[in-house]
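Chain by chain, the residues run as shown.
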Amino acid sequence: MTAPAPDSAPPTNKTAMFVVFFVVFIDLLGFGIVLPLMPQFAVEFLGGYSAWERGLIIGVLYSSFSLMQFVFSPLWGRWSDRVGRRPVLLISLTGSVVFYALFAFASTLSAADATLALALLLVARVGAGIAGASVSTASAVIADSTTPEKRSKGMALIGAAFGIGFTFGPLIALAGLIWLPPSETDPDRIAREWLWVPGGIASALSALALLIAARKLPETRPLGGAAAPHDRRGFSLGRSLAVLKLPAVGPFIVMYFLAIFAFANFEATLALYTKEVFSFGIRQTFGVFAGVGAVLMVAQGGFYRRLAGKVSDPALMTAGLVLMMVGLVGLGAIGYATFRAGADESFVDSLRTLFYLTTAVAVFGFAFVNPSVAALVSKNADPNRQGEILGVNQSFAALGRILGPLAGSLLFFAHPSHALPFLVAGGVLILVMFLLIGNARKTPAEPPAS
């Protein structure tokens, strides 16, 4: 794990780090507003489709976002290595403004225009995924702005921004359900004529982030030094696989993919789990999602940042993996226990507190794994290829978010206890633990500081 040393350690650029934090926060706030309500937008236009067709279309709308991140994260990263971080982030934020606005427009169409509405929703999700793929560039800004010793704390800022945005996004969506006129047929849905509001708010917030970045974000990539390899090719699977073969970073990218795959099993089935196991309504489910974001915010913005620099990144990652395993396997055990309890509603109700606790433990663990992997990859990457390598890391994370929900959705209904997604995720994390231990035997606990 010997990282090539740059000519000089970068000074900590607090302005750049603050702006990136704020930009990622607002971008994720918009994402968090739209995501919990998207099934309603799709259902409004799926009345004439069969059950499996509805499931397929909703699945495509969900996965298209992550598929675009898989393809475009390395491209954004490579481009930011050549032209700088600032223009990439500004272009991506402009894309977020446009495509969230398109999402809002598509939501105003009537059922008579169902085909057009679904097509526009898909275009909006694809565009938002392309724009959101610049998270790797935001990570590169952190890498540019911190010394290796402070890299872990810097990466935790992005995780905290994710957590805060993901906390308040569902809360704003929940407020929309409370304050906007409800549907005449379902009080848990917004009236059709007001469906444009969530997408409109997300677009407006992205515009605010764009204005802040345009005025305050400095360029952190010094273009006068050694240049990144000049490559005008588009997406290249071979190039991404070549990054995986780098002994200093490849194993951690694989571990990150598997950890994201495991956590995506949880994310994709959480709303189904709360409904099937505890009969939660949509308001209670939004509250759970907001709680997930709050735990991410506290864990990464508080606990992790205090420990980073004092505890090695592999040790923090190990602690996170253990907590994730305990939490996810615990959720599987709760699902199985409620299945065995049958009609004993009092017993099922008594498990709710345990459900909240195990969910928090799993999310807390993920909050430690996420920045630890990003820091390990960044510290061991060629400084002139930070954008590209962090882009490949985010690309394989996106692949995990594509395959994880697919596997989780299939496993969820494979057994009436709904425990399989969580148990399988726990098994995958055991594999990650073995990979981490095996890699630690080959390399020192921390790379040498520049």
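Residues numbered from 1 in each chain as written. Predicted model: local features only at pLDDT ≥ 70, side-chain atom pairs only at ≥ 80, totals over all residues. Heavy atoms only, no water.

Participant: Could you give an account of helix α15 (residues 386-412), naming the residues involved and the relevant values?
Facilitator: Spanning 27 residues, α15 covers 38 Å between terminal C-alpha atoms, matching the ideal 39 Å at 1.5 Å per step. Of all 27 residues in α15, 19 are buried; the element is thus mostly enclosed. (Helix = DSSP H or I, 4+ residues; strand = E, 2+ residues; numbered from the N terminus. Expected span 1.5 Å × (residues − 1). Buried < 20%, exposed > 50% of the residue type's maximum accessible area, 1.4 Å probe, protein only.)

Participant: Please give an account of a nonpolar patch on the surface that cites residues and values.
Facilitator: Taken together, the side chains of Phe168, Leu171, Ile172 and Ile201 define a hydrophobic patch exposed on the protein surface, amounting to about 300 Å² of accessible area. In terms of residue count, the dominant contributor to the nonpolar patch is helix α7 (residues 151-179) (three residues). Inspection of the secondary structure assignment puts phenylalanine 168 in helix α7. Residue phenylalanine 168 is classed as partly exposed on the basis of its relative accessible area of 40%. (Patch = residues over 30% accessible without salt bridge, like charges linked within 9 Å, V, L, I, M, F, W, Y side chains within 5 Å. Areas by Shrake-Rupley, 256 points an atom, 1.4 Å probe, with all protein chains shown as cover. Salt bridge = Lys/Arg side-chain N within 4 Å of Asp/Glu carboxyl O.)

Participant: An account of a positive patch on the surface is requested, with residue identities and associated values reported.
Facilitator: A cluster of basic residues, Lys14, Lys150, Lys153, Arg306 and Lys310, forms a positive patch at the surface. Looking at the secondary structure, you find lysine 310 in the loop between α11 (282-307) and α12 (313-341). The exposure class of lysine 310 is exposed, given its relative accessible area of 71%. (Lys, Arg positive; Asp, Glu negative; His and termini not counted. Charge placed at Lys NZ, Arg CZ, Asp CG, Glu CD.)

Participant: So what's going on with the packing of helix α1 (residues 14-34) against helix α8 (residues 196-216)? Which residues, and what values?
Facilitator: Look at α1 against α8: their axes get within 8 Å of each other, and the N-to-C directions meet at 170 degrees. What the angle tells us is that α1 and α8 run roughly antiparallel. Counted together, Thr15, Val19, Phe22, Val23, Ile26, Asp27, Leu29, Gly30, Ile33 and Val34 of α1 and Pro198, Gly199, Ile201, Ala202, Leu205, Ser206, Leu208, Ala209, Ile212, Ala213 and Lys216 of α8 form the full contact between these two elements. Each residue belonging to the contact of α1 with α8 can be placed in one class, and the counts come to 15 nonpolar, four polar and two charged. (Axes fitted to C-alpha atoms, helices over the stretch in contact; angles between N-to-C directions. Parallel < 35°, antiparallel > 145°, perpendicular 65-115°, else oblique. Contact = heavy atoms within 4.5 Å. Nonpolar A, V, L, I, M, F, W, Y, C, P; charged D, E, K, R; others polar.)

Participant: Help me get a handle on the packing of aromatic side chains, residues and values and all.
Facilitator: For any two aromatic rings, the description comes down to two numbers: the centre-to-centre distance and the angle of the planes. All told, the structure shown has 19 aromatic pairs when counted by the stated rule. Measuring from ring centre to ring centre gives 6.2 Å for phenylalanine 18 and phenylalanine 22, while their planes differ by 20 degrees; the resulting arrangement is stacked. Of this pair, phenylalanine 18 and phenylalanine 22 both sit in helix α1, four residues apart, which is roughly one turn of the helix. Cluster of aromatic residues (ring-pair linked, three or more members): Tyr273, Phe278, Phe280, Phe355, Tyr356 and Phe422. (Phe/Tyr/Trp six-rings, centres within 6.5 Å; stacked < 30°, edge-to-face > 60°.)

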